[in-house]
Amino acid sequence: MANIKSAKKRILVNETKAARNKAIKSKVKTCVKKVETAVANKDAAAAAEALRVATIEINKAGSKGVYHKNTCARKISRLAKAVNGIA
């Protein structure tokens, strides 16, 4: 366990940031799963709407530093490709 005051603070700050990142990642995964479900059911309208929501959430995660920008681009690209494939 840390004895120095600044080290104790870093531990608390890191826990807070980890919890925030975990929540954001979970939200992104849920949105991605909704898109994939709609694609599996071949529901073009639902897939397009879910893709729009997922794109927004993925970009938010990227802007907050949870994901690297290339990771965001890759995720969005794969989802868009899947949605366009059912049309």
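As recorded in an unreviewed UniProt entry, the protein chain goes by Small ribosomal subunit protein bS20 and comes from Lachnoclostridium phocaeense. The Sequence similarities (unreviewed entry) comment attached to the protein chain in UniProt states, word for word, "Belongs to the bacterial ribosomal protein bS20 family." Comment text from UniProt for the protein chain, heading Function (unreviewed entry), reads "Binds directly to 16S ribosomal RNA."

Got a minute to help me understand the environment of Leu51 in this structure?
By secondary structure assignment, the location of Leu51 is in helix α2 (residues 44-63). The spacing of Leu51 and Lys29 is 22 residues in sequence and 12 Å in space, taken between C-alpha atoms. With residues up to four places along the chain from it excluded, the contact list for Leu51 reads Val35, Leu79, Ala80 and Val83.

It is not clear to me how the state of the cysteines should be interpreted in this structure. Could you clarify?
Two cysteines, two sulfur atoms, one covalent bond between them: this is a disulfide. In the structure shown here, the tally under the stated rule is 0 disulfides. Looking at Cys31, it has no disulfide partner, and the nearest cysteine sulfur is the one in Cys72, 13 Å off.

What is the right way to read the nonpolar core from this model?
If you look at soluble globular proteins, the nonpolar side chains tend to sit buried side by side. Core analysis: the biggest nonpolar cluster contains 19 residues, and Val28, Val35, Ile58, Ala61, Leu79 and Val83 have the highest contact counts within it. Broken down by secondary-structure element, the contributors of at least two residues to this core are α1 (5-40), α2 and α3 (69-86). Among the elements that line this core, the one with the most residues is α1, at 7 residues. For Ala61, the contacting residues outside a window of four places in its chain are Ile24, Val28, Val66 and Tyr67.

Procedures and definitions
- Residues numbered from 1 in each chain as written.
- Predicted model: local features only at pLDDT ≥ 70, side-chain atom pairs only at ≥ 80, totals over all residues.
- Heavy atoms only, no water.
- UniProt positions renumbered as here; feature names shortened; annotations may be inferred.
- Helix = DSSP H or I, 4+ residues; strand = E, 2+ residues; numbered from the N terminus.
- Contact = heavy atoms within 4.5 Å.
- Disulfide = S-S within 2.5 Å.
- Core = buried A, V, L, I, M, F, W, Y, C linked by side-chain atoms within 4.5 Å.
- Buried < 20%, exposed > 50% of the residue type's maximum accessible area, 1.4 Å probe, protein only.

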